[in-house]
Amino acid sequence: MNLFPRYAAAVAGVVQRDFALFVSYRTVFFTQCLSLAFSVTLFYYLSRLVTIESFGSPDRYFEFVLIGMVILQAVTATLATLPGTVRQELVAGTLERLVLSPFGAVGGVLAMVIFPFIKATIFGMVMIAVAMMAYGLELQWPTALLAFPVAALGALAFTPFSLLFTAAVFAFKQAPGTGFVLSAVTLVSGMYFPVELLPGWIQWASEVQPFTPSVDLMRHLLVGRELDGSAWLEVARLVGFGVVLLPVGVVAMWTALRFAQRRGTVTEY
Amino acid sequence: MAPGDHHRLVRNGRGARSVLEVPESTPATLEPLDSETHRLAPAPAAMGNVLELRAITKRWPSLEHAVLDDVDLVLEPGTVTWMEGRNGIGKTTLMRIAAGLIHPDAGEVHLDGLHPAGDRRAYQMRSALLSAGTGGLYARLSVRWHLGWWARLAFIEPRRRSAIVDASLERFDLVALASRRVDRMSMGQRQRLRLAGTFLHDPKLILLDEPRNSLDAEGIAILTAAVDAATARGAAVLWCSPTGEEEKIESDCRLQLVRGKLVVSP
């Protein structure tokens, strides 16, 4: 039996399910776009206040923070959305069907990463489009398309963290650190301000996670901000984080599922 | 004719024992039961049995005694086994263990010789659990969408999927509701959808936990027909109901769960 088409169909099914649920609320796309447009506007006017030397002009800070906000969409989609979705599935009783299917809960949860990432990519594009049309953002077209594979690499590197939180949901029915980690990541990865502004004793934290290289690379590709080192080195760091941490995340989730099955709490919430 | 009479007639027509009789002999490997331990005699071989539960024990931290205490159960192909018991006695726990949803503290579970954890994918391709209650549905998605989704999860071949979904809509009288959202359906209609999902991939082991929930007479007849069709193709059905439920499906074996032990129901 060739399993590949069956796994592929199940993965596609998960993505279609998430899409169908998303569009079943007809205005949600437009209201989220509107909300993002307001955020872009807010930071555009905040950037008018920024005159520090490292940016040179308010427009440079606007570019900087805009890409940080775009990445934050992807980070939130991968880091925070998945554990919340799995918990919702537990409450609704729909996760049971995944656990009791040949596809399995681990495959199902991995597939659940895809739609939020696609959604985050689309919303990121909306934010950039608003910034270009309304506030004159200049995109680096020659390299901008490379942002897509880099974003995918970033998602690959972020996903293990999400899987760890999802493992906590399987085992303990909650992932209480999600908000805290999201805030910490926002702080140390330079999404809103350069990490050089952080106190020296905490700057090491910007080097030991995949969010900083992802933000730096995206800024380089989309708005031409200079990198401290080689772009390939940043790509290698992203790949490294993904390759090393993804199996860790999968094993953690599989172990947590088994733990919950042994305790008999797998359907509890 | 009451709805219950209808199912008796259907199964009696296939030569099954009457539900009103105490079975002379339960499916072969359930005999003999040791009078003291209620343990089954060891089966000579796994060949021929669909499900084998051996010496299953499960404890919950909040309970002093084991909810399942050294329970044995063997289901043979083409049989319906009725299991009853008081609320909270452990019926659902046993069903979940048989489905591979939770693991026992001790004991062995095999479906066609497969282990629920070690052979997870093959095990799940052969089994189906209808949980008690009304959960497991996406309120804003349609009937047809659910069946298509479950077909994908069950690894039904892509080229057969559409035909199987159509057949299932027909079989569970859901054709007129195919495009309706679940949250706009009655509880009985939702239960028919949940049942359709349970039988969708022609599982060899069908575990039905209080399946008549919210079903009207017509729904019960549809369910009975589905059970008959499943047993006719060699599936084993374990049907679980609370003690005292009036309508009983025709069964080949009636069991009762009492204080963690499975005994032949009077």
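Up top you'll find the structure we're talking about.
The shown structure was predicted, so the numbers you read here are calculated from the model rather than taken from an experiment.

Participant: Break down the interface of chain A and chain B for me, citing the residues and quoting the values.
Facilitator: At the interface, 35 residues of chain A touch 34 residues of chain B. When chain A packs against chain B, the two sides together hide about 3,200 Å² of surface, and 60% of this comes from carbon and sulfur. For the interface between chain A and chain B, the tally reads zero salt bridges. Remark: the boundary between chain A and chain B carries 18 residue pairs in polar contact (both at pLDDT 80 or more). Elements with a minimum of two residues in the side of chain A that touches chain B: α1 (4-23), α3 (58-92), α4 (95-99) and α11 (231-263) of chain A. Per-element tally for the side of chain A that touches chain B: the top contributor is α1 of chain A, with eleven residues. Residues that form the side of chain A that touches chain B fall into these classes: 17 nonpolar, ten polar and eight charged.

Participant: Describe the pairing of strand β8 (residues 253-258) of chain B, with residues and values.
Facilitator: If a strand is regular, its side chains alternate between the two faces of the sheet. The buried fraction of β8 of chain B amounts to five of the six residues, a majority that puts the element mostly inside the structure. Counting the residues that bridge the hairpin from β8 of chain B to strand β9 (residues 261-264) of chain B gives two residues, and of these Arg 259 of chain B lies at a positive phi of roughly 45 degrees.

Participant: Please give an account of α1 of chain A that cites residues and values.
Facilitator: With 20 residues, α1 of chain A extends 28 Å from end C-alpha to end C-alpha; this agrees with the ideal 28 Å at 1.5 Å per step. Of the residues making up α1 of chain A, those classed as buried are Arg 6, Ala 9, Ala 10, Gly 13, Val 14, Val 15, Arg 17, Asp 18, Ala 20 and Phe 22 of chain A.

Participant: Which residues make up the pattern of salt bridges, and what are the values?
Facilitator: Counting across every chain of the model gives 16 salt bridges over all chains. Residue Glu 52 of chain B pairs with Arg 54 of chain B through a salt bridge whose shortest N-O separation is 3.5 Å. Judged on exposure class, the residue Glu 52 of chain B and its partner Arg 54 of chain B are both buried. Note that Arg 126 of chain B is salt-bridged to Asp 112 of chain B, the shortest N-O span being 3.6 Å. Here Asp 112 of chain B lies in the loop between β4 (106-111) and α3 (120-126) and Arg 126 of chain B lies in helix α3, a separation of 14 residues in the sequence. Via salt bridges that share partners, Arg 17, Asp 18 and Glu 89 of chain A belong to a single interconnected network.

Participant: Got a sec to walk through the packing of α1 of chain A against helix α6 (residues 114-135) of chain A? Specific residues and values, please.
Facilitator: Residues and elements named next belong to chain A. Interhelical geometry of α1 versus α6 gives an angle of 50 degrees and a closest axis separation of 8 Å. Classified by the interaxial angle, the pair formed by α1 and α6 is oblique. Contacts between α1 and α6 involve Val 11, Val 15, Asp 18, Phe 19 and Phe 22 from the former and Ile 114, Phe 115, Lys 119 and Phe 123 from the latter. Of the residues that constitute the contact of α1 with α6, the class distribution is seven nonpolar, no polar and two charged.

Participant: Quick one: what's the story with a negative patch on the surface, residue by residue and with numbers?
Facilitator: Taken together, Glu 170, Asp 173, Asp 216 and Glu 218 of chain B make up a surface patch of like negative charges. With respect to the helices, strands and loops of the structure, Glu 218 of chain B is situated in helix α7 (residues 217-232).

What counts and what doesn't
Residues numbered from 1 in each chain as written. Chains lettered and ligands numbered in written order. Predicted model: local features only at pLDDT ≥ 70, side-chain atom pairs only at ≥ 80, totals over all residues. Heavy atoms only, no water. Contact = heavy atoms within 4.5 Å. Buried area = accessible area lost by both parts, 1.4 Å probe. Salt bridge = Lys/Arg side-chain N within 4 Å of Asp/Glu carboxyl O. Polar contact = N/O pair within 3.5 Å; in protein donor to acceptor, adjacent residues only side chain to side chain. Helix = DSSP H or I, 4+ residues; strand = E, 2+ residues; numbered from the N terminus. Nonpolar A, V, L, I, M, F, W, Y, C, P; charged D, E, K, R; others polar. Buried < 20%, exposed > 50% of the residue type's maximum accessible area, 1.4 Å probe, protein only. Pairing = 2+ DSSP bridges. Expected span 1.5 Å × (residues − 1). Axes fitted to C-alpha atoms, helices over the stretch in contact; angles between N-to-C directions. Parallel < 35°, antiparallel > 145°, perpendicular 65-115°, else oblique. Patch = residues over 30% accessible without salt bridge, like charges linked within 9 Å, V, L, I, M, F, W, Y side chains within 5 Å. Areas by Shrake-Rupley, 256 points an atom, 1.4 Å probe, with all protein chains shown as cover. Lys, Arg positive; Asp, Glu negative; His and termini not counted. Charge placed at Lys NZ, Arg CZ, Asp CG, Glu CD.

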